[in-house]
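Take a look at the letters that make up each chain.
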Protein chains: 4
Amino acid sequence: MIIVLKENTSEKELEHILEKINELGFRSDVSRGEKRTVVGVIGDEEKLREEPLKALPGVEKVISVLKPYKLASREFQREDSVFDLGYGVKVGGGNLMMIAGPCAIEGYDILHEIAVAVKKAGANVLRGGAFKPRTSPYSFQGMGEEGLKILRDIGHSLGMPVVTEVMDPRQVDLVNRYTDLFQIGARNMQNFNLLNEVGQTSKPVLLKRGMSATVTDLLMSAEYVLSNGNKRVILCERGVRSFDSSTRNLLDLAAIPNSKGLSHLPIIVDPSHATGRPDLIPSMSLAGIAAGADGVHIEVHSHPELAKSDGPQALLPHQYEELCGKMRSMAELLGKTIQVSGKA
Amino acid sequence: MIIVLKENTSEKELEHILEKINELGFRSDVSRGEKRTVVGVIGDEEKLREEPLKALPGVEKVISVLKPYKLASREFQREDSVFDLGYGVKVGGGNLMMIAGPCAIEGYDILHEIAVAVKKAGANVLRGGAFKPRTSPYSFQGMGEEGLKILRDIGHSLGMPVVTEVMDPRQVDLVNRYTDLFQIGARNMQNFNLLNEVGQTSKPVLLKRGMSATVTDLLMSAEYVLSNGNKRVILCERGVRSFDSSTRNLLDLAAIPNSKGLSHLPIIVDPSHATGRPDLIPSMSLAGIAAGADGVHIEVHSHPELAKSDGPQALLPHQYEELCGKMRSMAELLGKTIQVSGKA
Amino acid sequence: MIIVLKENTSEKELEHILEKINELGFRSDVSRGEKRTVVGVIGDEEKLREEPLKALPGVEKVISVLKPYKLASREFQREDSVFDLGYGVKVGGGNLMMIAGPCAIEGYDILHEIAVAVKKAGANVLRGGAFKPRTSPYSFQGMGEEGLKILRDIGHSLGMPVVTEVMDPRQVDLVNRYTDLFQIGARNMQNFNLLNEVGQTSKPVLLKRGMSATVTDLLMSAEYVLSNGNKRVILCERGVRSFDSSTRNLLDLAAIPNSKGLSHLPIIVDPSHATGRPDLIPSMSLAGIAAGADGVHIEVHSHPELAKSDGPQALLPHQYEELCGKMRSMAELLGKTIQVSGKA
Amino acid sequence: MIIVLKENTSEKELEHILEKINELGFRSDVSRGEKRTVVGVIGDEEKLREEPLKALPGVEKVISVLKPYKLASREFQREDSVFDLGYGVKVGGGNLMMIAGPCAIEGYDILHEIAVAVKKAGANVLRGGAFKPRTSPYSFQGMGEEGLKILRDIGHSLGMPVVTEVMDPRQVDLVNRYTDLFQIGARNMQNFNLLNEVGQTSKPVLLKRGMSATVTDLLMSAEYVLSNGNKRVILCERGVRSFDSSTRNLLDLAAIPNSKGLSHLPIIVDPSHATGRPDLIPSMSLAGIAAGADGVHIEVHSHPELAKSDGPQALLPHQYEELCGKMRSMAELLGKTIQVSGKA
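Predicted model only: the values in this text are computed from it and were never measured.

Enquirer: Can you explain the overall build of chain A? Please cite residues and give values.
Expert: Along chain A, the regular secondary structure elements total eleven helices and 15 strands. Taken along the three principal axes of its C-alpha coordinates, chain A extends 75 × 45 × 40 Å. Looking at chain A as a whole, 61% of its 344 residues qualify as buried. For chain A, the share of sequence-separated contacts (at least 6 apart) that also reach a separation of at least 24 residues comes to 66%.

Set out below in structure tokens:
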């Protein structure tokens, strides 16, 4: 940690700072520049971070040298994490996870129709929401447990692991009974109690980036799950809030290689929520894979006119199938693997 | 609701759209422009909003004419809401709520020292966190129930209502036993299950704006609380995320008159979290009152060097006292009232 | 154009609005909803846009139905624009433009070394700055005309068209004598007088997106050039300003298919300025091509330690060469062509 | 300047870095932490900033300790700058500049009517645009020199200094003949050649913050003017681009005390362009003064229905007059002075 002093900091203030550092059990190095004095503080930066050094008189700023996360970092684990999701599907280390399905579970028949189509097209994980975080209290809020049963029954009968969003720490046990992966939505990326709860389960967690979260914030949230003992966190880039309303969010594809440099965790891309526009999903899916994503999350609906949530942003099954062909070619070019689910 | 058709939409597609509107029980008006055709859809817009009209072939965009919130709107209630917070303190309709206290409750003695000081300076609500939403799992997470007891005991003995953050639906009952107002933090502004829970209590809710929430998003979250039957929501502007890292967030003071035009709910300002810089807090507090805020939320700590959370951003008690004098003069100039708490 | 009236607009105000529309020579359609009245205004929207209809009493908002640009739009020209840049190089319609070179021209020998290397690697346009828009008045401002000569001599001797930034309307004639394409930098995207000047030349214009420009803003700036008679505008996505400082800007790859849907103009990607990080440039270049970009702009320097501007963000020649191989494979997969320059 | 090394930097790389620093004529201090080594570089930071230290092998990041601007800084001049604008009007050091007038000069009679009204209300500087930076090439572009004459004649006959925007280095001489202050618009804040030109005149420069400029960027642009010899720069906060489209821009009032801490230059507020909404202008003007602004810039038009540019965002003269009364009371409360122009 580096402490930069104010221009006019007195020797007495400097002494007080050095004493304080010493008291806390750290060593210090003083470097006197022409205009500013800088103090290097040496010791366990994690403990140091907790100390309000910036409140000391004479301090202009405190600069961290180390990253604030540990278990999620590439320093902690050099090689890519690879997770087995069941039904022969892997993610990470060159294995791509292809998630598809409707925004919300709306009934057995419609989900079955969509699931059969996306499985045939090449998806290897089935998604569907049973609890929906809707901006308006008057919007459809999801089918709850009934929806979870439908999702699991259809997914498993087709040989696909299933993923669904959990929004509330009180739902974790219930959702755990039906799902193969937990999804934590963008709005809950910093719902720390929820992160603690899913961190205590044994299921992989798909953690979506918050709308105004930095890559560091995302990795800090992953650290919450990891520090509870659950080592299987899959990150998901889904766009951040921006001033250009022509897309729903701004897909930050550089976050993918950026995160992969900082962390061993897999990271996938969700062009559906990022753009909110079916016409942009195909190119953004391909760009995501080219950027190094470990998978692609796409909403598909066979009857978007009838969908109870986000219908207008879904791809039609035949559009998804066409896109899957292109994604497979792209994956092959880059030496990546897409497992067919249900082989096991 | 207005539907704008694509340039090359066929008559057949238009017919399908009109049939669909009719089926759903709405009326339509068609306006054929030189280049585009526009369809006005007449009926209950709230129901209409749920229908995926944008997914219909030939539709370019769907534009809402009405606001998506109802109970929170100025149309629903013309006059300002005024809430009685106990101990003689009111907020709204010209009454300013002056919240002060430390970021986190750290012990009886230190909170007592701060509380006595801020009460004397002019604060009429005491704050302190017992459950802290910390970005890092390794940071101090708060004293929990023990902290809540300390906060209530000190606040009530000084004749001040108390406010504390609730982060988890499972904590609502516990917190309810000790607090006079619930605070919902910025990170939980769209934690809809938590909003539903506090919406079912009878305590006022201080709802902080999320870091990337629009004013409309904030009012939609207020609508969640209101639609559960709890009519006492106090909004709080605390800055949004921005590209300029010289302040922690970007304080959006225009959100105050903007919100007051759209809604009858009181809205206060939190310059401590918005700026993260004690040197900017005084001027931003005064600017907040000048902008029309119904109160000011300021973190105060008597020993910021020792604080376990956000010490460097707190004002010292004597700085707060000096600022209170200026805020009172400003309030007087603008014809606003600041009650002294504990009179009752 | 659609006018939405306020909830309580009187019949008299509505009459005044309709009269005003009639006076201006437009027709109107009135649609009375349950809560709001909406007026459709029919006629030449371009003229209408100039009228301050929003200032009329009773008007809540005015919504444009048509796009504000014309010559740049896909409606104006359905098929992709393809431009011949000389030396056998084309851009648009499946032809990729590969721009490479140093940030600034620093001397003959160093530019020659870099130019030979990038040409060999596969670049087909040479770049180099002679006038540098530097944030600090104390930074290196470029070699001026001497630099332009060096750039042209080296580029043309190697059979490559050259591109350089022009920052001032007074420099347009001078730069025009040496360059094959004008570059308009992000900071000058809305320097309308400069756009008018390059619009009156016959050289293609590489127009970079401003740091906080929407895609519509970018197309409006292109319209300035086009409306002056210069039909050859090449857009360039180079990132927008964001709250995450881990990259210099936030590369908005969705802007590429978004722009291509709205406009016939080619659009290329500049991962160097977008990310400012050599480690992210390769994956963002590939992702850009996958997103549909018509070319890639990359800064290359053989001695970044000695560079006078932006050295740390440049690729080394051997890194660029390796990347070019990957970009060629990606282009081939997607059916795109990269011409070798200098064939003619 | 501080250099943080990568975790695995070798001794040889460190040696190379130290040699390089020595070669450049700087001293260095090495501080070896538990995980990272940090090198303090001591010497003239301005020169150092130009060196691409970040490109050296083994360097993770380079952190500046000093500010990148000098003449604009509070360190360079402790006391507030106060500028005499003519006609008895001052700005800075407790003197408020009240600029009012229409967006564009549209003719003698209409400007005269507005000027008389704003002068009577209390404005002490008259504004009006003769060259308009319009997003669309098809919009009204201003009256040019004819407009400048009208502005000067009316302003000076009423005893008011006048301010108008200059957009092009080629217009500086012309505009200089008529105006008392130059305005540099937000879109030209980083038009460095234009800054150089106005920096060589003897007229004060009103420099507006760019839409995505940090406070540091704004001060760097001021430095361009100052370093050319023109010491009279007045900064202007006018909002930055944001994700919430309910206001045109997001007014960043904290930038005012933030800038005043960093710089001796006056800074005023422009709520008209920041919000684009007449209903928000009064409260944002008062908040601006409360935040410490050295003046307020407001657009006023007597016939907004007829305005050729930005009519809907202008205040009516009687609204401006009412607001001026409130601004005077606010100024008095805060011990600020508003000169009546034309006394001299």
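Enquirer: Tell me about the relation of the copies chain C and chain A, and please be specific about residues and values.
Expert: Its rotation angle being 180°, the transformation that places chain C on chain A also includes 0.0 Å of axial translation and leaves an RMSD of 0.1 Å. Seen this way, the second copy is the image of the first under a two-fold rotation axis. Of every C-alpha in chain C, the one belonging to C:Ala287 sits nearest the axis of rotation, 2.1 Å from it. Taken together, the interface assignments show that 100% of the residues at the interface of chain C recur at the interface of chain A, consistent with an identical surface on both copies.

Enquirer: So, helix α11 (residues 317–333) of chain A: which residues are in play, and what are the values?
Expert: All names here are of chain A. Given a rise of 1.5 Å per residue, 17 residues ought to cover 24 Å, and the 24 Å separating the end C-alpha atoms of α11 matches this to within 8%. Among the residues of α11, Tyr320, Leu323, Cys324, Met327, Met330 and Ala331 are the ones counted as buried. What you see down the axis of α11 is that its buried residues fit within an arc of 130°, all on one side. Looking at α11, the residues exposed on the side facing more than 90 degrees away from the buried face are His318, Gly325 and Glu332.

Enquirer: With reference to specific residues and values, describe the sheet that holds strand β2 (residues 27–32) of chain A.
Expert: Residue and element names in this part refer to chain A. As summarised here, the arrangement of the four strands in space is β2-β3-β1-β4, forming an open sheet in which the pairing is antiparallel. One side of each edge strand has no neighbouring strand; the edge strands of this open sheet are β2 and β4 (59–63). For this sheet the average axis-to-axis angle between neighbouring strands, irrespective of direction, equals 20°. Two strands pair when backbone bridges link them, and strand β1 (residues 2–5) and strand β3 (residues 37–42) are joined in this way by three bridges, in the antiparallel orientation. Residue Ile3 lies in a different strand from β3, and its bridge partner there is Val39. Strands β1, β2, β3 and β4 of the sheet are contacted by helix α1 (residues 11–23), whose axis makes an angle of about 5° with β3.

Enquirer: Lay out the interface of chain C and chain A in plain terms, naming residues and giving numbers.
Expert: Taken together, the contact pairs 31 residues of chain C with 31 residues of chain A. The biggest single contributor to the side of chain C that touches chain A is helix α10 (residues 281–290) of chain C, with five residues. Residue composition of the side of chain C that touches chain A, grouped by class: 16 nonpolar, twelve polar and three charged.

Enquirer: Now, about the sheet that holds strand β4 (residues 59–63) of chain D: what can you tell me, with residues and values included?
Expert: Residues and elements named next belong to chain D. Spatially, the four strands line up as an open sheet ordered β2-β3-β1-β4, and their pairing is antiparallel. Strand pairing shows two members of the sheet lacking a second neighbour, β2 (27–32) and β4, which therefore form its edges. Here the average twist between neighbouring strands, direction ignored, is 20°. For strand β1 (residues 2–5) and β4, the ladder comprises four bridges, and the chain directions are antiparallel. Note that in β4 the partner of Ile3 across the bridge is Val62.

Enquirer: Break down the relation of the copies chain C and chain B for me, citing the residues and quoting the values.
Expert: Relating one copy of the chain to the other takes a rotation about an axis and a shift parallel to that axis. Rotating chain C by 180° about the axis while translating it 0.0 Å along that axis superimposes it on chain B, leaving an RMSD of 0.0 Å. Comparing interface residues between copies, 100% of those in chain C also lie at the interface in chain B; the contact surface is shared.

Enquirer: So what's going on with the packing of α11(A) against helix α11 (residues 317–333) of chain C? Which residues, and what values?
Expert: To characterise two packed helices, one gives the angle between the axes of the helices and the distance between these axes. Between α11(A) and α11(C), whose axes approach to 11 Å, the crossing angle comes to 155°. It follows that α11(A) is roughly antiparallel to α11(C) by the angle criterion. Read as a crossing pair, α11(A) and α11(C) show a hand that is right-handed. When α11(A) is examined against α11(C), the residues A:Ser329, A:Met330 and A:Leu333 are found in contact with a partner set consisting of C:Ser329, C:Met330 and C:Leu333. Considering only residue class, the contact of α11(A) with α11(C) consists of four nonpolar, two polar and no charged.

Enquirer: Summarise the environment of A:Ser263; cite the residues concerned and give the values.
Expert: Residues and elements named next belong to chain A. Topologically, Ser263 is positioned in the loop between α8 (255–262) and β13 (267–269). Since 27 C-beta atoms lie within 10 Å of it, Ser263 is described here as buried. Note: C-alpha distance between Ser263 and Asn22 (241 residues apart in sequence) is 33 Å. Beyond its immediate chain neighbours, meaning those up to four positions away, Ser263 contacts Ala72, Ser73, Arg74 and Leu219.

Enquirer: Tell me about the packing of helix α3 (residues 108–121) of chain A against α11(A), residues and numbers included.
Expert: All names here are of chain A. Relative to each other, α3 and α11 sit at 15°, their axes nearing to 9 Å. In terms of orientation, α3 and α11 fall into the roughly parallel class. The handedness of the crossing between α3 and α11 comes out as right-handed. Packed against α3, whose contacting residues are Ile114, Ala117, Val118 and Ala121, the element α11 presents Pro317, Tyr320, Glu321 and Cys324 at the interface. Considering only residue class, the contact of α3 with α11 consists of seven nonpolar, no polar and one charged.

Enquirer: Can you explain unusual backbone geometry? Please cite residues and give values.
Expert: Non-glycine residue B:Tyr87 carries a positive phi angle of around 55°. Using a count of 21 C-beta atoms within 10 Å as the deciding quantity, one classes B:Tyr87 as buried.

Enquirer: If you had to explain helix α3 (residues 108–121) of chain B to someone new, which residues and values would you point to?
Expert: Residue and element names in this part refer to chain B. Look at α3: 20 Å from first C-alpha to last across 14 residues, which is about the 20 Å you get at 1.5 Å a residue. Those residues of α3 that sit buried are Leu111, Ile114, Ala115, Ala117, Val118, Lys119 and Ala121. Packed against the buried residues of α3 are β7 (95–101), β8 (125–127), α4 (145–157) and α11 (317–333). One or two positions beyond α3, positive phi appears at Gly122, with a value near 130°.

Enquirer: Just give me the short version of the interface of chain C and chain B, but keep the residues and values in it.
Expert: Counting residues at the interface gives 21 residues for chain C and 21 residues for chain B. Elements represented by at least two residues in the side of chain C that touches chain B include exactly β1 (2–5), β2 (27–32) and β3 (37–42) of chain C. Broken down by element, the side of chain C that touches chain B gets its largest block of residues, three residues, from β3(C). Within the side of chain C that touches chain B, the residues separate by chemical class into eight nonpolar, six polar and seven charged.

Enquirer: Outline the domain arrangement of chain A, listing residues and values.
Expert: Domain parsing of chain A yields domain 1 (2–63) and domain 2 (83–338). For domain 1 of chain A and domain 2 of chain A, the distance between their C-alpha centroids amounts to 44 Å.

Enquirer: Got a sec to walk through the pairing of β2(D)? Specific residues and values, please.
Expert: Residue and element names in this part refer to chain D. Where β2 lies against strand β3 (residues 37–42), six bridges are found, and the strand directions are antiparallel. Looking at β3, one finds that Ser31 is bridged to Val38. Hairpin connection from β2 to β3: four residues lie between these consecutive antiparallel strands.

Enquirer: Residue-level account of the confidence of the model for chain A, with values.
Expert: The predicted model of chain A averages 93 in pLDDT, with 99% of residues at 70 or higher. For this predicted complex, the interface confidence score (ipTM) comes to 0.94, while the overall pTM stands at 0.94.

Enquirer: Could you give an account of the environment of C:Met211, naming the residues involved and the relevant values?
Expert: Looking at where C:Met211 falls in the secondary structure, it is placed in the loop between β11 (205–208) and α7 (215–227). C:Met211 sits in the buried class, given 24 other C-beta atoms within 10 Å. Sequence separation of C:Met211 and C:Gly276 is 65 residues, and the distance between their C-alpha atoms is 14 Å. Once residues lying within four places of it in the same chain are set aside, the contact partners of C:Met211 are C:Ala186, C:Val240, C:Arg241, C:Asn249 and D:Ser212.

Cut-offs used in this document
Each chain carries its own residue numbering, running from 1 in the written order of its sequence. As a convention, the first chain written is A and the first ligand written is 1, with the rest following in written order. For a predicted model such as this one, the threshold for reporting local features is a pLDDT of at least 70, and the threshold for listing and counting side-chain atom pairs is 80 or more; totals across whole chains, interfaces and linings nevertheless cover every residue. Numbering goes from the N terminus for both helices and strands, where a helix is a DSSP run of H or I of at least four residues and a strand is a run of E of at least two. Residues with at least 20 neighbouring C-beta atoms inside 10 Å of their own are called buried, those with 12 or fewer are called exposed, and the rest are partly exposed, where every C-beta is derived from the backbone. Contacts are defined on C-beta atoms placed from the backbone: any two residues whose C-beta positions lie within 7 Å are in contact. Least squares is the method used to superpose the copies, on C-alpha atoms of residues holding a pLDDT of at least 70 in both. One less than the number of residues in a helix, times 1.5 Å, gives the span that helix is expected to have. Comment: arc refers to directions from the helix axis out to C-beta atoms. Paired strands, as defined in this entry, are two strands with at least two bridges between them according to DSSP. Angles here are taken between N-to-C directions and fall from 0 to 180 degrees, while the axes themselves are lines fitted to C-alpha atoms, restricted in helices to the stretch in contact. Charged means Asp, Glu, Lys or Arg here, nonpolar means Ala, Val, Leu, Ile, Met, Phe, Trp, Tyr, Cys or Pro, and polar covers whatever is left, Gly included. The labels follow the angle: roughly parallel below 35 degrees, roughly antiparallel above 145, roughly perpendicular from 65 to 115, and oblique for the rest. Crossing handedness is defined as follows: a turn of the near helix away from the far one that is anticlockwise and smaller than a right angle gives a left-handed crossing, while the clockwise case is right-handed. These domain limits were set by an automatic method or by a database of domain assignments. pLDDT is a per-residue confidence score from the predictor, ranging from 0 to 100.

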